[in-house]
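One-letter residues, chain by chain:
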Amino acid sequence: MSADTTTPAKVPPPRQAPPPRVPDAPRRKRTGRAAGTPWLLLAPCLLVLGLVMGYPLVRLVTLSFQKFGQSQFWGFQPAESVGFANFSRVLGDSVFWAVVVRTIVFAAGSVIFTMVAGMALALLQQRVSGWLKTLINIVLVASWGMPVIVATTVFKWLFDSDYGVFNALLSRLPGVDMIGHNWFASGPQGLLVIMLLVVWGAVPFVVITLSAGLTQVPQELEEAARLDGAGAWGVFRYVTLPILKPIIVMLTTLSVIWDMGVFPQVFVMRGGHPEAEFQLLSTYSYDRAFVVNDYGQGSAIALVTVVLLLGVVAVYMRQMLQIGEVE
Amino acid sequence: MSALTTDAPKTSGGGRRKSKLGWNLVGLLVFVVVGFPLYWMLDTAFKPAKDAIDPDPSLLPTGITLDNFRRALTIADFWGPVGRSLVVSLSVVVIGIVVGLLAALAISRFAFRGRKIVIIGILAVQMVPLVSMIIPVFLLLNDLDQYDRLSGLVITYLTFILPFTVWTLRGFIVNIPKELEEAAMVDGCSRTGAFVRVVFPLLAPGMVATSVYGFIQAWNEYLYALMLLSQDHQTATVWLGNFTTQHGTEYAPMMAGATMMAVPIVVLFLIVQRKMAAGLTAGAVKG
C-alpha cells in the first residue's frame, strides 16, 4: 500500500477545490485595473506564435494555390497563382488516394491498439501488487521519455533481418525459422512494425492518464453496482467507462492527431527514403516538396491533411474548453 | 485514496489471493515486454561487438565493455551535435518559460474581453500537426536568412513549446488560491509584489517541471532539425538518425550512441513526470 504512493499518476482529488489557506481574508473586488495589462502580458507570446505559426499557416494555404518549384525557390521566377491546379493534380492521382487510405488505416490501427492496450494496462495496474505496480510504472515512464529517434533506432535493431533479436526469439519456437526474414520487404509488414513502435511510445501516456482518472472513480458507485448484481464487465461498462469518458475523448483525439502525423518513425526506419508502399501523408507531402521540389503540391497535400483532421480537432477543443472555462 | 485503489476487492468471492497471483503474473509479463526494448538497447551497447552480431544472441549480458561507446564517438563528431542541441534546447526553454509565464498569468488571473479567443487560439495552435508546417516554415526561414542558423531553429521550436508551456503553467497557477494573493494585497503588497512574494514561490516547482519537459521536447525534435540545419550543423537527434558507416549500420555502436542520448533524458523525465502529470490534469480534474 505504501508503494502506491510512488504512483506517478497521483493527482489531486477531483471536484474539491483546494481549501483556501487563508479562509478569513476579506474578498475585495480589485478595482482600477488597467484593461491593457493582460494584452501586454500576452503580447510576446502572440507575437512569436503569429510569426512562426500564423504566417506559415497562411503561407501554406497560398502556396497550395501556386506553382512553386525550384526556380521560384531561388527567385528566378515569381510564384504564379494556378488556382486549384495543385489540388486537382493531387486529388486526381491514384497514388495519393492509396496514401490516404494507408494513412487512415495506419492511424486508426495505432489509435485503437494504443487505447485498448492503455486501458487494459491501467486496469491491470489496479490489480497487481504494489511493488510490481511501481516496477511497471518505471518502465512505462522510461519508455515514454525515450526520444523518438532513439526508440526508432532501437526497433530497427530489434527487427533487423539477420541479427535482430526478434527473429532469433521467434526461431526458438519449434518449427519456426525466421532468421533472415526481412520485415521491411513488404509495406504492410513493415508498417506493422512501425505501428508497434508508435504504440509502444504512446501507451505510457495513456496508461498514466487513465490511471489518474481511475483513482477518481468513486468507490461507492462501483460497490453499489456490484451489490446490484453487476459483474466485472458490467461495472466497467456502466460505471467506470462513463466517468472516464472525458479523459478517453481527450486521449483518443490527441492520439488521432499524433498518429496521423507520424513522420520520424517511418523516415528513419527507412533510412531517409521511404519506399512507395511506406508513404504516409506526412512523408508523402515531404517527398513532393523536398525531393520532387514541388512545394505547391506538397503544401496542397499538407493542407488536405489538416482539413482531414479538423473534425477531430473540433471534438478535442470542445472537451478542453469545457475544462478551461471552469475556474 | 491510495488505500482504496490498491485494496479494493475487485475480484468476487474467495479466490482473491489466487487471482492476485494471476494478475501479478500478467503484470510481470507486461513489465518484461514493455521494458525489453530499453533493456536490449543497454545490453547491446555494453556487449562486445562480436556478441552483438550473433544470429542467436544470448538474452543475458555477456560481458561489459565500453568499446562501442569509443567507436560511436569516433564515427562522427558527437560533441558538436550535442552542444548544438544543448544551446537550442536551453534557449528555447529560457525564452519559452518567460514568455509563457506572462501569457499564462494573463489568461488565468485576468478577466478580459477576448480571453476565450486567446485560449482557443493557443489550444488550436497546439493541434496543428507540425509536419504539415515544415514547407512554409522552411521557406520563411530561408527568406529571413535564418536557414542553417540555430536562432532560426530556436524560434521555430518556440511555436510548439509555447502553447504547451502556457497551458501547463495555467494549470499550476489555477491551483494556487487567489485568496493568497488577495491577503498579501490587503497586507499592503502591490499586485506585482503579491505575485513575486506569494505566487512565484508556490509556482516555482511547477515552472521547473515545465522547463525540464520543454527541454526534453526540444532535445528530441527531429524533422525541423533535419530540414532547417545543414549537415555541418546537425543536432544530436539528426546525428543518431544518420548513424551509418561505410560498413553499413554498425548496430552495437549505434546502440551506444542511442544510450548516450537517451539515458540523461529518461532520467530527467523520470524525475519531473509526476509533477507534470499533476500540472497537465490540474485543469481537467476541476471540470
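The text that follows walks through the structure, step by step, so that each part is easy to find. (Residues numbered from 1 in each chain as written. Chains lettered and ligands numbered in written order. Predicted model: local features only at pLDDT ≥ 70, side-chain atom pairs only at ≥ 80, totals over all residues. Heavy atoms only, no water.)

### So, the side chain of Thr165(B)
Residue and element names in this part refer to chain B.
Line of reasoning, step 1. With respect to the secondary-structure elements, Thr165 resides in helix 8 (residues 150-174).
Line of reasoning, step 2. Relative accessible area serves as the criterion here: at 3%, Thr165 is assigned to the buried category.
Line of reasoning, step 3. Contact partners of Thr165, with chain neighbours within four places excluded, come to Gly96, Ile97, Gly100 and Thr210. (Helix = DSSP H or I, 4+ residues; strand = E, 2+ residues; numbered from the N terminus. Buried < 20%, exposed > 50% of the residue type's maximum accessible area, 1.4 Å probe, protein only. Contact = heavy atoms within 4.5 Å.)

### Section: the packing of aromatic side chains
Line of reasoning, step 1. In the structure shown here, the tally under the stated rule is 38 aromatic pairs over all chains.
Line of reasoning, step 2. Geometrically, the ring pair formed by Trp144(A) and Phe205(A) is tilted, given 5.4 Å between the ring centres and 50 degrees between the ring planes. Residue Trp144(A) is located in helix 5 (residues 130-145), and its partner Phe205(A) is located in helix 8 (residues 187-214); the two are separated by 61 residues in the primary sequence.
Line of reasoning, step 3. The class for Trp144(A) is buried, based on a relative accessible area of 17%.
Line of reasoning, step 4. Arranged with centres 5.9 Å apart and planes meeting at 35 degrees, the rings of Tyr213(B) and Phe269(B) form a pair that is tilted. Taken together, the residues Tyr213(B) in helix 10 (residues 191-220) and Phe269(B) in helix 13 (residues 251-282) connect sequence positions 56 residues apart. Here Tyr213(B) and Phe269(B) have matching classes, each one buried.
Line of reasoning, step 5. One aromatic cluster is present, formed by Phe68(A), Phe73(A), Phe263(A), Phe267(A), Tyr286(A), Phe290(A), Tyr295(A), Phe138(B), Tyr147(B) and Tyr222(B) through successive ring pairs. (Phe/Tyr/Trp six-rings, centres within 6.5 Å; stacked < 30°, edge-to-face > 60°.)

### Focus: a nonpolar patch on the surface
Line of reasoning, step 1. Taken together, Trp131(A), Leu135(A), Leu21(B), Leu25(B) and Leu28(B) make up a surface patch of nonpolar side chains, about 500 Å² in accessible area.
Line of reasoning, step 2. For the nonpolar patch, the secondary structure elements donating two or more residues are helix 5 of chain A together with helix 2 (16-46) of chain B.
Line of reasoning, step 3. If you trace the backbone, Leu28(B) turns up in helix 2. (Patch = residues over 30% accessible without salt bridge, like charges linked within 9 Å, V, L, I, M, F, W, Y side chains within 5 Å. Areas by Shrake-Rupley, 256 points an atom, 1.4 Å probe, with all protein chains shown as cover. Salt bridge = Lys/Arg side-chain N within 4 Å of Asp/Glu carboxyl O.)

### Notes on the interface of chain B and chain A
It is common to report an interface's size as the accessible area lost on association of the parts.
Line of reasoning, step 1. On the chain A side, the residues contacting the 116 residues of chain B number 113 residues.
Line of reasoning, step 2. Both sides together, the interface formed by chain B and chain A hides about 11,100 Å², and carbon and sulfur atoms give 76% of it.
Line of reasoning, step 3. Linking chain B with chain A are one salt bridge.
Line of reasoning, step 4. As a salt-bridge pair, Arg59(A) and Asp143(B) come within 3.4 Å of each other at their nearest N and O atoms.
Line of reasoning, step 5. Linking chain B to chain A there are seven residue pairs in polar contact (both at pLDDT 80 or more).
Line of reasoning, step 6. Here the side of chain B that touches chain A gets 16 residues from one element, more than from any other, and that element is helix 2 of chain B.
Line of reasoning, step 7. Taken together, the residues of the side of chain B that touches chain A break down into 80 nonpolar, 20 polar and 16 charged. (Buried area = accessible area lost by both parts, 1.4 Å probe. Polar contact = N/O pair within 3.5 Å; in protein donor to acceptor, adjacent residues only side chain to side chain. Nonpolar A, V, L, I, M, F, W, Y, C, P; charged D, E, K, R; others polar.)

### Some points on the pattern of salt bridges
Opposite charge on two side chains lets them pair, provided their charged atoms get close.
Line of reasoning, step 1. Using the criterion set out here, one finds 11 salt bridges over all chains in the structure.
Line of reasoning, step 2. With its nearest N and O atoms 3.7 Å apart, the salt bridge here joins Arg288(A) to Asp287(A).
Line of reasoning, step 3. On the accessibility criterion, Arg288(A) (22% relative accessible area) is partly exposed.
Line of reasoning, step 4. Judged by its relative accessible area of 18%, Asp287(A) is buried.
Line of reasoning, step 5. Put simply, Asp67(B) and Arg70(B) hold a salt bridge, and the shortest N to O gap is 2.7 Å. Taken together, the positions of Asp67(B) and Arg70(B), both in helix 4 (residues 67-75) and three residues apart, correspond to about one turn of that helix.

### Side note on the packing of helix 4 (residues 94-127) of chain A against helix 8 of chain A
Geometrically, a packed helix pair is captured by the angle between its two axes and the distance between the axes.
Residue and element names in this part refer to chain A.
Line of reasoning, step 1. Where helix 4 contacts helix 8, the axes come no closer than 7 Å and their chain directions differ by 40 degrees. It follows from the interaxial angle that helix 4 and helix 8 lie oblique. Here helix 4 and helix 8 pass one another in a crossing that is right-handed.
Line of reasoning, step 2. Of the residues in the contact of helix 4 with helix 8, the class split is 21 nonpolar, seven polar and one charged. (Axes fitted to C-alpha atoms, helices over the stretch in contact; angles between N-to-C directions. Parallel < 35°, antiparallel > 145°, perpendicular 65-115°, else oblique. Left-handed = near helix turned anticlockwise from the far one by under 90°.)

Fair warning: the whole summary comes from geometry, so function is off the table for now.
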